[in-house]
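These are the residues of each chain, in order.
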Amino acid sequence: MKKTLVVIGGGAAGFFCAVNAARLHDDLRVVILEKTGKLLSKVKVSGGGRCNVTHDCQSVSELVGHYPRGASFLKKAFLHFSVKDTITWFEERGVELKIEKDGRMFPVTDNSETIMRCLLDDAARYGVEIMLNTELENVELKSNSAESQSQTSFILTLSRERTIEADFICLASGGVQKLEKLDWLKNLGHDIHPTYPSLFTFNIKGSGIQELMGVSLDSAVVKIMGTKHKLQGPALITHWGLSGPVVLKLSAWGALDLAELGYDFKIVVNWIPEYNEQKVLDMLRVVRFEKASQKINNRNPFDLPSRLWEYLLVQSGIQPELRWADLPAKSQNLLAKMLCNQEFHVQGKTTFKEEFVTAGGVGLEQINPATMESKTQKNLFFAGEVLNIDGVTGGFNFQNAWTTGWIAASAISQTEKQQ
Ligand SMILES: Cc1cc2nc3c(=O)[nH]c(=O)nc-3n(C[C@H](O)[C@H](O)[C@H](O)COP(=O)(O)OP(=O)(O)OC[C@H]3O[C@@H](n4cnc5c(N)ncnc54)[C@H](O)[C@@H]3O)c2cc1C
């Protein structure tokens, strides 16, 4: 009799596992359970509707550096399926990916529906069954033989009082929202780590910075005070505070600390990372001498966006009409501080519209990265964001979904052939 794989979750990871398992083993019945009425809904909205499929990063050691949680686990997993495999996999199905300047990879169509179509077509081609509006509620073991765990199968309780039997399960239910929904998994010996958001921007009130909305910098250094988290990268000022890649990355690396601080903390910004306060003072001394008769707001020695320069002058109590020769030493010191060490009070976060993820979830300690199989329960597999793995923005979260989904599929098809 045909064996059954039930995949829980109709997202990127669930689909990747299902279509590959069905393709690699045509004698396996593959069913996807999806609790909502929609499939691949995150793929659709991802990357602003373009789907940032992966990141142009061929070296595994470099790639894992983009995952605040799960890096050492992924180091082993990427040996089996990495960025190059993702590109080839989609290429073999007629989906060409392009690389943007910052390394992010998108379908050449710039349309996430290309990725959805590809996965849906493969599911149809290999006969994957899909049950929509079907939520997994519980899992119990059905031991066919008291002695042999290899004969274990599962009875899954579903919404609307239905059940389904499975020989294999792949849990790909995405970021964990309610920990109690995974009690069955805890009972099978798995740790579930508390979850908290990652990839958000910082809300800053009362500093006047919002008036600079739209100002962007190629490079700024942002440090979270009282922590070790400090990063340099492009920054963007928004109408609610500070955003841009440097802030999003910082929110990911500092996700746990920031959750513990209740999203109420201070940051220090250096708007000109190539300078420190002393270097700024040296530079200002030269400018004062050489441009003595010029007005301060006409001469921006650091090539900062002019709106930011004027804002920093105001914050330092300097009248823009003042001539360089008349700049008091106290104001000069304050300006150097504002340029290199401006403090802001962050109160709250805003989720980035392009991408956000859940940190925490199913612990990696009880999972084998070479197969994605549970170490405590045979024939139980995992894929995607349900795991305690998350990456920064740039295509790394989907790469996790493709890698873990593919490994689970390949291991399931091999196990099924051996049994
Ligand atoms: C707005 C947005 C944009 C993003 N853009 C990008 C991007 O461009 N690049 C990138 O790399 N990452 C992006 N991400 C992150 C990426 O989308 C996720 O990391 C990825 O989709 C995770 O895939 P998954 O299959 O593990 O989980 P999901 O996509 O969340 O899928 C899980 C599915 O399981 C279903 N489910 C949950 N519980 C049950 C249950 N008990 N029974 C049945 N079904 C269940 C859910 O309804 C869901 O459909 C973005 C995220 C968001 C929110």
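Residues numbered from 1 in each chain as written. Predicted model: local features only at pLDDT ≥ 70, side-chain atom pairs only at ≥ 80, totals over all residues. Heavy atoms only, no water.

### Concerning the sheet that holds strand β9 (residues 162–166)
Backbone-to-backbone hydrogen bonds pair the strands of a sheet. The strands run either parallel or antiparallel. Reading across from one edge, β7-β8-β9 is the order of the 3 strands in this open sheet, with antiparallel pairing throughout. Two strands close off the open sheet at either side, each with one partner strand: β7 (136–142) and β9. Along the sheet, successive strands turn relative to each other by an average axial angle of 25°, direction set aside. Here β7 pairs with strand β8 (residues 153–158) via 6 bridges, running antiparallel. When the bridges of β8 are listed, Leu141 appears paired with Phe154. (Pairing = 2+ DSSP bridges. Helix = DSSP H or I, 4+ residues; strand = E, 2+ residues; numbered from the N terminus. Axes fitted to C-alpha atoms, helices over the stretch in contact; angles between N-to-C directions.)

### What to know about the nonpolar core
Among soluble globular proteins, nonpolar side chains are generally buried collectively. Of all hydrophobic cores here, the largest spans 89 residues; its most connected members are Leu5, Ile115, Leu156 and Trp402. With sequence-adjacent residues up to four places away left out, Ile115 is seen in contact with Val43, Cys51, Val53, Phe90, Val95, Leu97, Pro107 and Trp402. Grouped together as the second largest cluster of nonpolar side chains are 45 residues, Val222, Leu242, Tyr263 and Cys340 included. (Core = buried A, V, L, I, M, F, W, Y, C linked by side-chain atoms within 4.5 Å. Buried < 20%, exposed > 50% of the residue type's maximum accessible area, 1.4 Å probe, protein only. Contact = heavy atoms within 4.5 Å.)

### A short note on the pairing of strand β13 (residues 216–224)
Taken residue by residue, a regular strand's side chains alternate between the two faces of the sheet. Strand direction decides the pairing type here: β13 and strand β14 (residues 230–237), joined by 6 bridges, are antiparallel. For Val222, the partnering residue across the bridge sits in β14 and is Leu231. Where β13 folds back onto β14 in an antiparallel hairpin, the turn is made up of 5 residues, including Gly226, whose phi is positive at roughly 80°. Strand direction decides the pairing type here: β13 and strand β16 (residues 264–270), joined by 4 bridges, are antiparallel. The residue of β16 that forms the bridge with Lys223 is Val268.

### Looking at helix α2 (residues 41–49)
An α-helical segment advances 3.6 residues per turn. Residues three or four places apart therefore align on the same side. Val43, Ser46 and Gly47 are the residues of α2 that are buried. When α2 is viewed along its axis, its buried side chains cluster within an angular range of 45° and face the same direction. In α2, the exposed positions that point more than 90 degrees away from the buried face belong to Val45 and Gly48. (Arc of directions from axis to C-beta.)

### Brief notes about the domain arrangement of the protein chain
In terms of domains, the protein chain is made up of domain 1 (3–196 + 359–418) and domain 2 (200–351). For domain 1 and domain 2, the distance between their C-alpha centres works out to 42 Å. Each partner contributes residues to the interface: domain 1 has 7 residues there, and domain 2 has 7 residues. Both faces combined, the contact of domain 1 with domain 2 buries some 640 Å², and carbon together with sulfur accounts for 73% of it. By the criterion of area lost to domain 2, the three top residues of domain 1 are Pro68, Tyr196 and Val392, representing 61% of everything that side buries. Applying the counting rule to domain 1 against domain 2 returns 0 salt bridges. Joining domain 1 to domain 2, the criterion identifies 1 residue pair in polar contact (both at pLDDT 80 or more). (Domains from an automatic or database assignment. Buried area = accessible area lost by both parts, 1.4 Å probe. Salt bridge = Lys/Arg side-chain N within 4 Å of Asp/Glu carboxyl O. Polar contact = N/O pair within 3.5 Å; in protein donor to acceptor, adjacent residues only side chain to side chain.)

### A short note on the site of the ligand
Around the ligand, the surrounding shell holds 32 residues, and the nearest of these are Ala13, Glu34, Glu354, Glu385 and Phe398. A distance of 3.1 Å separates a nitrogen atom of the ligand from a polar backbone atom of Lys35. In the environment of the ligand, a nitrogen atom lies 3.0 Å from a nitrogen or oxygen atom belonging to the backbone of Leu136. Broken down by secondary-structure element, the contributors of at least two residues to the shell around the ligand are α1 (12–24), α2 and α13 (396–418). In terms of residue count, α2 provides more of the shell around the ligand than any other element does, 4 residues in total. (Near = heavy atom within 4 Å.)

### Quick notes on the state of the cysteines
The tally for this structure, following the rule as stated, stands at 0 disulfides. Not engaged in a disulfide, the cysteine Cys51 finds its nearest cysteine sulfur in Cys118; these two sulfurs lie 11 Å apart. (Disulfide = S-S within 2.5 Å.)

### Concerning the sheet that holds strand β5 (residues 104–107)
Spatially, the 3 strands line up as an open sheet ordered β3-β5-β4, and their pairing is antiparallel. What marks the edges here is a single partner per strand, and that holds for β3 (54–55) and β4 (97–99). Pairing analysis gives 2 bridges linking β3 to β5, with the strands arranged antiparallel. Following the sheet pairing, His55 is matched in β5 by Arg104.

### Description of the packing of aromatic side chains
For any two aromatic rings, the description comes down to two numbers: the centre-to-centre distance and the angle of the planes. Across all of its chains, the model carries 17 aromatic pairs by this definition. With 5.7 Å between their ring centres and 70° between their planes, Phe16 and Phe81 make a pair best called edge-to-face. Residue Phe16 is found in helix α1, and its partner Phe81 is found in the loop between α4 (71–77) and α5 (83–92); the two are separated by 65 residues along the sequence. On the numbers, 5.4 Å between centres and 90° between planes, the contact of Phe200 with Tyr263 is edge-to-face. Of this pair, Phe200 sits in strand β12 (residues 200–204) while Tyr263 sits in the loop between α9 (255–260) and β16, and the two are 63 residues apart along the sequence. Assessed through its relative accessible area of 1%, Phe200 is described here as buried. With relative accessibility at 14%, the residue Tyr263 sits in the buried group. (Phe/Tyr/Trp six-rings, centres within 6.5 Å; stacked < 30°, edge-to-face > 60°.)

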